[in-house]
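Fold and geometry: a report
Spelled out from the first residue to the last, the chains are:
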Amino acid sequence: MHYFTGIDIGSTAIKIAIISEETELIAQKVVPTGAKFNENAMNAYTTLVEESNLELSKSRYVISTGYGRRLYKSADQTVSEITANAIGAAVVSKGHSIRTIINIGGQDSKIIQINQQGFVQNFIMNDKCAAGTGRFLEMASRNLEVDIDQMGEWHRLSRDKDLTVNSTCAVFAESEIISLLAEGKKKEDIIAGIHISIAKRIARLAGRTTVQDDVLFDGGTAYNCGLIDALEEEFMRDFIIPESPQITTAIGAAHMALEIFLKSESYPSDSLQMHPEKHHHLKD
Amino acid sequence: MRKLKRYINNSNISRFRLIFQILAFLLLIYGGYVSIHIGTSIPTFACPYNQECPGTCYLISAQHQLHNTWASLFGFRGKAFLIGFLTFILFFLVINKAWCGYICPLGTIQDWITKVRNLAGVSFSRYDNLSFKRLKAIKYVILFLLIIIPLGMSNSLLGLPLFSEDLSAPFCQICPGRVVTPLFIGDTSQLFIDFTNTTTMIMSTLGIIVLALFFIGSFFKKRFFCFFCPMSALHSLFSPISPLRLNKKGDNCTRCGNCYRVCDVGIKAIADDIEHKYMVKDDCMMCFKCVEACPENDCLEVSFVKVPLFTSTEEGFFKRNLHLDNDMKNPSCTIIEDEPKRK
Amino acid sequence: MNQKENKRYERLSSSSKKQLVIESDQVLHELQTEFTDNLSGMDYFYGVAHQFARGQLSNQEKRKYIATSCVQVPIELIYAAGALPVRTCSGAHSMSMAGAEFLPARSCSLVNATFGAIHTNSLPVSSKPLAIINPTTCDQKKKLSEIPSGIDIPFYTLEVPPTKDSEEAREYWYRIVKKFTRDLEQITGKRIRKSNLKEAIFRVAKAQQAFRQLHQIRMGHHSIRGTDALLIANTFFYDDIDSWTHHLHSLNSELVQRLTGDLNRQNSSSPRILLTGSPSIFPNFKLPLMIEKMGGDIVVDEFCSSNRLLYDTVAVDEWNMYDMIPAIADRYLKACTCPCFTPNRDRDRKLLTYIKDFKVDGVVYQSFSGCQLYELESMRISKLLEQENIPMLYIETDYSPDDKGQLSTRIEAFIESLKAKKLHLIA
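This structure is a prediction, so every number in the text was calculated from the model and none was measured.

Some points on the overall build of chain C
- Summing up its helical and strand segments, chain C has 15 helices and eight strands in all.
- In terms of overall dimensions, chain C is globule-like: its C-alpha atoms have a radius of gyration of 21 Å, near the 22 Å expected for 427 residues.
- Within chain C, buried positions represent 57% of all 427 residues.
- The long-range share in chain C, meaning contacts at least 24 apart out of those at least 6 apart in sequence, stands at 75%.

Given below as structure tokens:
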């Protein structure tokens, strides 16, 4: 069976999604990025193909996205994670009309606005500072000696949501957390405070633009129910959380692979083709 | 057709106008010598005090016709007045304010004086906005007076006694045209002060003063007299319905102000107004220097009943103003599928 | 300066100059090799830029120079006074580093670079400029004249009014330009006469005509890359004006031939982009190059360093000094859409006109960090474009190459969304 692949190479993790010609999600995988992007991505891909009982030769089209997309040499095309995330959101949220995507990833956070026709209308990124990202949560979980997967449950135990973590910088926040612990504050309250601090930061990022329903929340941090609570509280609405929020972007990339492949069959010269090396003008 | 349009849009209207003005001047000053007669409702100065004038300007006819009792004005005299008035309007509407720019002999004389000043290297002056606003009402006041005074000579207005007969054709008594146009056939008889009585003394002195102002004013300010001209005031009432129009497409305007710079009569709206379409305002004499000075394609346009006659073009601007010919084929005409004309 | 300071200055100056050469060569290399559709007419302009970076001129004879720090300076007057205007606005990162020590932390890279270029003596001149004409346009530029540094070229403050609509502002500007004419005569020692001013106006007008022809050509199908067009305008001050005009005319002919030659042109799917905001000056082509590499086609810009440099015209009614000088003054003030003027509605209208004439698909609005003027106008322009349904990407950046990765993501996403819009509308 022929299949199409989206590989999202983030700064923390590599996410792979494989879909069939009928757009069914047949395989997915998440591995740490490590230092050697190209190698690790290639290995993860070939391993996934084997595990899913597929043949490498039946791969029709591969699109890489994310921070390290250009370093993955075997991709047929690269696409920005913003576009891929938008497509992915539409796919995984069937039935809902997504107008806003909030993505909190390992090292960046984004808010993507989509218009009625499904096109990316506007996007705001925070990629200069780790304060509203997964990195912040990682650092906090280390300092509090809590498993990162448990952060959500701890949040739900908190009875005092008024504790605030004030530091604007993730590095300074570390010291703040330690001093809060020393003061005898409860772990669950500190965790709740951290989640609220991230939520407030994201709200500030959204800033002047209006956030419209329906809002989809994805990225690796969307497994954290505590963070979801804090965000929904801050934005005063319920979010739509996909089943596997971490691979939404990869799913989007896989769907784009399918669409582009089909389109290039019917319209050979008119395509979204972007050759990474030579850039053609007047080529048509 | 495109070639013809391009040729016209690149042409030097000012040169054409100069020639036309000379011909019109010859006609209106010397036309009588060849027994031409073009009526008594001419919408520009054509002074019968100059015996060889081939007709008379409408103002003198109007002033004489209004010098009648209400009774006769609402009777058979009124019919003559109406016919004269309608003839005037029709003549006027055909070429709109271009009567002022291409035909009026007083205008032509002022343009010649301007050329002398230019050659002498003397700077010209302009009205500032405030003065312009305040003084532009004067011509309407003069128009009003030249209607009221003849009426008041035959009828009692508001219980006042009838005005003196010495005020007959009051505007003509102060009009510089009365003195200047006969000069061109060697007739200096109008250059006098009438000492008969107080009224005639005042009126004829005023006439001499206005004459002096005409020459001095038009030396330092382009088309000085036109700012105070009652004929212009009368024109402005009917100009909006004329088929010859000067239109502006505000969207294409960069507000560079070139049009205002070259405008002899200082119409600010041509440069600063980007909302309205019809640009014949105030004393515009439709000389079209503004269209010649506009460097944008399809911004200012002269049209007759919606048929464009002369449009501003970038190519025309460089050719006329800076004598720079477009060596290569105009790219906007041949390359782009759509015409350079914008919506 | 004492000996230690002197030494440090020498090191700074020479390393900045070296860096300028490296930066320029890198950009020129990209322009000439990264794309497949090079024009032979561009070779001249690449050559001028190459020499500019090395502080050389094609014509090395002794000339008088007047440096300018903004396009508001009336160059016709400088030519009439027998001097050559040379622009100090710099696009080099190394120069912005050199100037940064004199200016506040959050100041605009362009102003830093301008100051740096002057301070390190990196202008392409064969003799020291007689003066630096510094208009009071943006806040940071106007204070340059008061910064204590070792610069021994006198600054001349040219008073530009903060508004351009009122009669009072226009009268003020007439008086200033008249005064500038007299002062220029003193600075250069040459009288500005009717004949040489007329000649100067004609020389600049020839350049303007060629430039406007290029502008018209770009309204049609793609024929020249946006970065090449930017370079053409940027090299204007760095060679003899008549030579520049001549070569631009040749280039225009080449472009016209290109377009007429290929009658079966398909509509290119590259999104047509308009660039506006803080100007990209060679060698700071970071943003425009990235847009082109991501597949965007820059068809027009609203930068003072390129499109606005030569667009507005001088219209003289009577060819005497009393009319030529106000005509020149009008050219620089009335149609100017720089945000240093308030209100600046003409910019809104100009952008919309360009969008319509050039069939623009999307707008990229660049602001240098610290450039308050462009930052302050971005919201109004953004709302305007939203109403007209034109997508806009707002980029805040500076001269440093550090944010290339972040920029590429944003630009790529923007171009992708434009392409998707375009394709969906066609297919």
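Text resumes after the structure shown.
Looking at the overall build of chain B
- Within chain B, the secondary structure is distributed over 18 helices and three strands.
- Computed over C-alpha atoms, the radius of gyration of chain B comes to 22 Å, within 12% of the 20 Å expected from 2.2 N^0.38 for 343 residues, which places it in the range of a compact globule.
- In terms of overall dimensions, chain B has C-alpha extents of about 75 × 45 × 45 Å along its principal axes.
- Restricting the contact set of chain B to residue pairs at least 6 apart, pairs at least 24 apart contribute 64%.

With respect to the sheet that holds strand β3 (residues 132-135) of chain C
Residue and element names in this part refer to chain C.
- Ordered in space as β2-β1-β3-β4, the four strands form an open sheet in which the pairing is parallel. In this open sheet, the two strands that pair with only one neighbour each are β2 (84-87) and β4 (155-158). With direction set aside, neighbouring strand axes in the sheet form an average angle of 30 degrees.
- Both strand β1 (residues 65-68) and β3 contribute to a ladder of two bridges, which runs parallel. Among the inter-strand pairings, T68 is bridged to a residue of β3, identified as I133.

Some words on the environment of A:A192
- Within the secondary structure, A:A192 sits in helix α6 (residues 187-206).
- Ignoring any residue separated from it by four or fewer positions in sequence, one finds A:A192 in contact with A:H155, A:S158, A:K161, A:L163 and A:G226.

Section: the arrangement of the chains
- Summarising the chain contacts, two pairs of chains touch, and the pair with the most contacts is chains B and C.
- There is no contact between chain A and chain B; across them, the least C-alpha separation is 16 Å.

Focus: helix α5 (residues 109-119) of chain C
Residue and element names in this part refer to chain C.
- By the criterion of burial, α5 is predominantly enclosed, with eleven of the eleven residues buried.
- Within the span of α5, buried status applies to S109, L110, V111, N112, A113, T114, F115, G116, A117, I118 and H119.
- Contact partners of the buried residues in α5: α1 (3-33), α4 (93-100), β3, α6 (139-142) and β7 (362-368).
- Among the residues trailing α5, N121 stands out with phi positive, at a value near 60 degrees.

Side note on the environment of C:E185
Residue and element names in this part refer to chain C.
- Examined against the element boundaries, E185 turns out to sit in helix α7 (residues 167-188).
- Along the backbone, E185 and G82 are 103 residues apart, and their C-alpha atoms lie at a distance of 9.5 Å.
- Not counting the four nearest positions on each side in its chain, E185 is found in contact with A81, K190, R191 and I192.

Some words on the pairing of strand β1 (residues 3-9) of chain A
Residue and element names in this part refer to chain A.
- In terms of residue burial, β1 counts as a mostly covered element, since seven of its seven residues are buried.
- Of the two faces of β1, both are covered, the one formed by Y3, T5, I7 and I9 as well as the one formed by F4, G6 and D8.
- As judged from the seven bridges shared by β1 and strand β2 (residues 13-20), these two strands associate in the antiparallel manner. For G6, the partnering residue across the bridge sits in β2 and is A17.
- Remark: three residues form the turn of the hairpin made by β1 and β2, two consecutive strands paired antiparallel.

A short note on the pairing of strand β3 (residues 307-311) of chain B
All names here are of chain B.
- Where strand β2 (residues 300-304) lies against β3, four bridges are found, and the strand directions are antiparallel. Directly across from E301, in β3, lies its bridge partner T311.
- In sequence, β2 turns back onto β3 through a hairpin of two residues, with V305 there showing a positive phi of about 45 degrees.

Focus: helix α13 (residues 230-238) of chain B
- When we look at burial in α13(B), the residues that qualify are B:P230, B:M231, B:S232, B:A233, B:L234 and B:H235.
- The secondary structure elements touched by the buried residues of α13(B) are α3 (58-66), α5 (76-95), α6 (98-103), α9 (138-154) and α10 (170-174) of chain B.

Topic: the interface of chain B and chain C
- Tallying the contact residues gives 30 residues for chain B and 33 residues for chain C.
- Secondary-structure elements contributing two or more residues to the side of chain B that touches chain C are α14 (258-262), α17 (314-322) and α18 (331-334) of chain B.
- At five residues, the largest contribution of residues to the side of chain B that touches chain C is made by α17(B).
- For the side of chain B that touches chain C, a count of residues per class yields twelve nonpolar, ten polar and eight charged.

Examining the domain arrangement of chain B
All names here are of chain B.
- Domain boundaries in chain B define domain 1 (13-235) and domain 2 (243-334).
- Contact with domain 1, which involves 20 residues of that partner, is made by 16 residues of domain 2.
- Elements supplying a minimum of two residues to the side of domain 1 that touches domain 2: α2 (13-30), α5 and α6.
- Looking at the side of domain 1 that touches domain 2 residue by residue, the classes come out as nine nonpolar, five polar and six charged.

A short note on the nonpolar core
- Ranked by internal contacts, the top residues of the largest apolar core, which has 273 residues, are A:I7, A:A253, A:A254, A:A257, B:C259 and B:C290.
- Setting aside residues no more than four positions away along its own chain, A:A257 makes contact with A:F4, A:T5, A:G6, A:Y61, A:V62 and A:I63.

A few points about unusual backbone geometry
- Going from A:D213 to A:D214, the amide bond is cis rather than trans, its omega being -5 degrees.
- Within the secondary structure, A:D214 sits in the loop between α6 and β9 (215-218).
- With an omega of 0 degrees, the peptide bond running from C:F282 to C:P283 counts as cis.
- A positive phi angle, near 55 degrees, is found at A:E145, a position not held by glycine.
- For A:E145, a count of 8 C-beta atoms within 10 Å translates into the label exposed.
- Backbone geometry at B:V305 places phi at a positive 45 degrees, although glycine is not the residue there.
- Residue classification places B:V305 among the exposed residues on the basis of 8 C-beta atoms within 10 Å.

Examining the sheet that holds strand β5 (residues 272-277) of chain C
Residues and elements named next belong to chain C.
- Reading across from one edge, β6-β5-β7-β8 is the order of the four strands in this open sheet, with parallel pairing throughout. Edge positions in the sheet fall to β6 (297-301) and β8 (392-397), since each of these pairs with one other strand and no more. Each neighbouring strand pair of the sheet contributes to a mean axis angle of 30 degrees, computed without reference to strand direction.
- Pairing analysis gives five bridges linking β5 to β7, with the strands arranged parallel. Bridge assignment links L275 to a residue of β7, and that residue is V364.

A few points about the packing of α2(B) against helix α7 (residues 105-120) of chain B
Residue and element names in this part refer to chain B.
- Between α2 and α7, whose axes approach to 9 Å, the crossing angle comes to 130 degrees. What the angle tells us is that α2 and α7 run oblique. Taken as a pair, α2 and α7 cross one another with a handedness that is left-handed. Packed against α2, whose contacting residues are Q21, F25, L28 and I29, the element α7 presents P105, T108 and D111 at the interface.

Quick notes on the confidence of the model for chain B
- When pLDDT is averaged across chain B, the result is 90; 95% of the residues are at 70 or more.
- Confidence drops under a pLDDT of 50 for residues 329-343 of chain B, and excluding neighbours within four residues, the segment shows 26 contacts in the predicted structure.

Section: the confidence of the model for chain C
Residue and element names in this part refer to chain C.
- Mean pLDDT over chain C works out to 91, with 96% of the residues at or above the 70 mark.
- Per-residue pLDDT stays below 50 along residues 263-267; that stretch engages in two contacts with residues further than four places along the chain or on separate chains.
- We note a pTM of 0.88 for the whole complex and an ipTM of 0.90 for its interfaces.

Some points on the environment of C:Y365
Residue and element names in this part refer to chain C.
- Examined against the element boundaries, Y365 turns out to sit in strand β7.
- Overall, Y365 belongs to the buried group, with 23 C-beta atoms counted inside 10 Å.
- Excluding residues that lie within four positions of it along the chain, Y365 makes contacts with T276, G277, S378, I381, M392, L393, Y394 and I395.

Definitions and limits used
Residues numbered from 1 in each chain as written. Chains lettered and ligands numbered in written order. Predicted model: local features only at pLDDT ≥ 70, side-chain atom pairs only at ≥ 80, totals over all residues. Helix = DSSP H or I, 4+ residues; strand = E, 2+ residues; numbered from the N terminus. Rg over C-alpha atoms; globule rule 2.2 N^0.38 Å. Buried ≥ 20, exposed ≤ 12 C-beta atoms within 10 Å, placed from the backbone. Contact = placed C-beta atoms within 7 Å. Pairing = 2+ DSSP bridges. Axes fitted to C-alpha atoms, helices over the stretch in contact; angles between N-to-C directions. Nonpolar A, V, L, I, M, F, W, Y, C, P; charged D, E, K, R; others polar. Domains from an automatic or database assignment. Core = buried A, V, L, I, M, F, W, Y, C linked by C-beta atoms within 7 Å. Parallel < 35°, antiparallel > 145°, perpendicular 65-115°, else oblique. Left-handed = near helix turned anticlockwise from the far one by under 90°. pLDDT = per-residue confidence, 0-100.

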